[in-house]
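Here's the letter readout for the chains.
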Amino acid sequence: MRAIILPALRATLVMWLLCGIAYPLAVTGLGQWLLPRQANGSLVKAADGTILGSQLIGQEWSGPQWFHGRPSATIAADTRDSAKTIDAPYNAAASGGSNLGPTSRALAQRLRTDRRAAEAEQPELVGRNLPADMLTASGSGLDPDISPAYAALQMPRVAAARGVPADRIAALIAKNTIGRALGIFGEPRVSVLRLNLDLRGLNEPSRTIDH
Amino acid sequence: MTMQGWLQIALVLLIVFLLSIPVGRYLAAIVMDRKTWLDPVLDRVDNGIYRLIGRDSTSRPMNWKAYTVHMLATNLCMAVLIYLILVFQDYLPLNPLKLPGMEPIQAFNTAISFITNTDWQSYGGETTLSNFSQMAAITFPMFTSATTGFVVAMAFIRAFTVRDGGANLGNFYRDFIRFTTRVLLPLSFVLALFLIWQGTPQTLDATVLTHPIQGGQQSISIGPVASFETIKHLGTNGGGFFNANAAHPFENPTPLSNWLLMSLMALLPSALVVCFGEMIGNRRQGWVLYGVMAAMLLLILPVTIIAEQAGTPTLAQAGIEMAATGDQPGGNMEGKEVRFGIAGSGLFGVITTSFTTGSVNSMHDSFTPMGAVPEFIGMMLQNVFGGKGVGFLAALVYGLIAVFIAGLMVGRTPEFLGKTIQRPEIIMVSLALLIHPLVILAPSSWSMIAPYGVSSLGNAAMHGYSEVLYAFASSAANNGSAFAGLDANTHWYNLALGLVILVGRYPPIIFMMAVAGSIAAKPTLATTVGTLKTDSLKFGAFWLGTILVVGALTFFPALVLGPIAEAFAMVHGYTY
């Protein structure tokens, strides 16, 4: 018995130190040294150093003057009753999707409600087919991107709310569109946070340039 | 699906195929003690480790019993260590969020899940585990469980090549260490840097507090993710650092990282088949098996892609575009990420279940019914390449049965690689085969009549049954992915799934090691004109047929009750 347990125990400890401790710490050391921006979460900072978010993590946006991301199905514990959960879109401390199946009545209901809300905000959408990412919740609940089609759809609304010509917004969308990797992997996408950060500087400098 | 989508899929598979050949030969060199270019450095590392474990233990020859016993003892010690870390993580370092220790029954489930390469998770990573636990209790077994599956398969193959009657199928510790230091560690280390470059974090911090410009705060979970992510996929493990697994933008930030993770999942199980051909000195035989596995993969993969792109009536009624166009992905995007689209999500879903990894980059629970069927098939057959080592053994189970049936049909003694396959082997092989359906179908049926089983369902009607069936198939196949709408963190599911994982993993391995012992003891017969050739295209087709007929007969009724019935209900516009 000892002849079996002793080497097994020693192998466990050696492998634990090698694979469970040394390996992740070595990757951490090297990653922090070589690629500190990515290793710390690709954070986006304001001029004064305030962390505005992560380039890779979606945020909740509201109001016609901003581009909106996809629906997010993330939840959080209810602060009044810890046994319950409440909707908390883009909760980056508890990722997850809706997990609603293809024959789910709750999903059909949610799609109808969201479609009506989108039409109320932009009446020209009535009767039109919408991009697939516009009404569907992402798997992570933190999708930072939208499709170029969804961005183009929001462009007139954002332009009107900000009182700037649509082609200037379109230029910003084009600037923040990322194509397929090597022309073949993945899908083209628009980073919502970066696009909205660019919108921020649009109004004031534009006046000085235009006149 | 656009042409670009299919091209992307073809390219991913082609690269894996091309890589599996040199990697398979490298694996064979390691197992057969041939020289490799890393030897000058790694021999020293290995010798140091041998000294720590004990020179005698790491050098003496082991027969099938000794090999199996040392494997089981090591796995047991590791499982206990993992359990203790999880339960007592509040007393351990790197826990700034002051997360409590894991509840004992959930920790039992988790320890078993990770030591067996399953990585089923009834917890959400970022809300449950400290960074210390993520490294020392989760990243750690991702190496050792993959290695365990691999070395067992190697010992099994040696049974066909040894000439000493089976007294030496190798030394478990030596195999274990060599595979870790020469394959898993270096690859994981280098590719972790690639992932960091793509945007995967690697830090000991647990959260970052951000201040979005629209006001409020967003607390972002973070941690040593890159080191976790590479071995998770390379070792066909699959557990997520975060609850959303590889759908989370930190785990899988770009289409390039998505390509890498898919390739890592598929690399070693396919290379292992090439390694098999090298070890037995018959590359043709290796390619026949490779062909059988690849044929199944190519058969089921398009079903998922086409079904996900076609979408659902519910989505169509909401006026959602179903066709992919140049500027939006189209199809069923519920639970999928824009950067991956339909092709990158569907391919990932089929690879993760075929190679039984269990990592997900989209929520399988939200897949269309027919889109999910190939995922079920991957886990139920277990050998559409299958997980590290174990998928190979499952293929051999079917192979030996095919040899036996073919031998009976043509009236010849069943032989495989020069060894006769007789009653004792077939009994053991049949037991190994039957455990799998038993531990999937029996407990999933029980869960559907027990109130404590039904109360966890996240979706209604057929889809609810699919959630339960998926959970048990995933556990028995040591996959770990989920129809995650099922609330699996209950005493029933933590215990039942934990036991299914155990029974789905170790008894089949033990039976197959016993087969190895029995085969190794037999003399190797010379090939004559009377020998039934197993390295021919014809036998490959027969092998494939055996898998499909036996597998289909076993699992088809369950699939009809779940996803297939739901597909019919769906096209007729029913919702539940």
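Note that the structure is a prediction, hence the values are computed from the model and not measured. (Residues numbered from 1 in each chain as written. Chains lettered and ligands numbered in written order. Predicted model: local features only at pLDDT ≥ 70, side-chain atom pairs only at ≥ 80, totals over all residues. Heavy atoms only, no water.)

**Some words on the overall build of chain A**
And step 1. For chain A, the helix and strand inventory stands at eight helices and seven strands.
And step 2. A compact globule built from 211 residues would reach a C-alpha radius of gyration of about 17 Å, whereas chain A, at 23 Å, exceeds it by more than 25%.
And step 3. Counting only C-alpha atoms, chain A reaches 85 × 50 × 45 Å along its principal axes.
And step 4. Residue burial in chain A is summarised as follows: out of 211 residues, 54% are buried.
And step 5. For chain A, restricting intrachain contacts to residue pairs at least 6 apart in sequence, the fraction spanning at least 24 positions comes to 54%.
And step 6. When the accessible surface of chain A is split by element, carbon and sulfur atoms take 60% of a total near 9400 Å². (Helix = DSSP H or I, 4+ residues; strand = E, 2+ residues; numbered from the N terminus. Rg over C-alpha atoms; globule rule 2.2 N^0.38 Å. Buried < 20%, exposed > 50% of the residue type's maximum accessible area, 1.4 Å probe, protein only. Contact = heavy atoms within 4.5 Å. Areas by Shrake-Rupley, 256 points an atom, 1.4 Å probe, with all protein chains shown as cover.)

**Section: the packing of aromatic side chains**
Residues and elements named next belong to chain B.
And step 1. What the rule picks out here adds up to 29 aromatic pairs over all chains.
And step 2. Both rings, one in Phe 172 and one in Phe 176, keep their centres 5.2 Å apart while their planes meet at 45°; by these two values the pair is tilted. With Phe 172 and Phe 176 both in helix α7 (residues 172-198), this residue pair falls four residues apart, about one helical turn.
And step 3. Judged by relative accessible area, which is 0%, Phe 172 ranks as buried.
And step 4. Using a relative accessible area of 2% as the deciding quantity, one classes Phe 176 as buried. (Phe/Tyr/Trp six-rings, centres within 6.5 Å; stacked < 30°, edge-to-face > 60°.)

**Thoughts on the sheet that holds strand β7 (residues 189-191) of chain A**
Residues and elements named next belong to chain A.
And step 1. Spatially, β5-β7-β6 is the arrangement adopted by the three strands of the open sheet, whose pairing is antiparallel. In the strand order of this sheet, the two ends are held by β5 (145-146) and β6 (177-178), each with one partner.
And step 2. Bridge analysis of β6 against β7 gives two bridges, and the strand direction is antiparallel. Bridge pairing links Thr 177 to Val 190 in β7. (Pairing = 2+ DSSP bridges.)

**A look at the pairing of strand β2 (residues 51-54) of chain A**
Successive residues of a regular strand alternate their side chains across the two faces of the sheet.
And step 1. With three bridges connecting them, strand β1 (residues 43-45) of chain A and β2(A) associate as antiparallel partners. The residue bridging A:Lys45 from the neighbouring strand is A:Ile51, located in β2(A).

**Remarks on the confidence of the model for chain B**
And step 1. Per-chain confidence: chain B averages 96 in pLDDT, with 100% of residues scoring 70 or above.
And step 2. Among the scores for the predicted complex, ipTM is 0.95 and pTM is 0.96. (pLDDT = per-residue confidence, 0-100.)

**Some words on the side chain of B:Gln382**
Residue and element names in this part refer to chain B.
And step 1. By the element assignment, Gln 382 lies in the loop between α13 (369-381) and α14 (390-410).
And step 2. Engagement of the side chain of Gln 382 in a polar contact is seen with the side chain of His 436, the distance being 3.4 Å.
And step 3. Apart from residues lying up to four places away in sequence, Gln 382 is in contact with Ile 377, Val 390, Gly 391, Ala 394, His 436, Ala 476 and Ala 477. (Polar contact = N/O pair within 3.5 Å; in protein donor to acceptor, adjacent residues only side chain to side chain.)

**What about the environment of B:Val390?**
Residues and elements named next belong to chain B.
And step 1. Summarising the element assignment, Val 390 is placed in helix α14.
And step 2. Residues Val 390 and Leu 408 lie 18 residues apart in sequence; the distance between their C-alpha atoms is 27 Å.
And step 3. In contact with Val 390, not counting residues within four places along its chain, are Gly 149, Gln 382, Arg 505 and Ile 509.

**Overview of helix α12 (residues 341-354) of chain B**
And step 1. Counted at 1.5 Å a residue, the expected span for α12(B) with its 14 residues is 20 Å, and the 20 Å between its end C-alpha atoms agrees.
And step 2. Counting buried residues along α12(B), 14 of its 14 residues qualify, which places the element largely inside the surrounding structure. (Expected span 1.5 Å × (residues − 1).)

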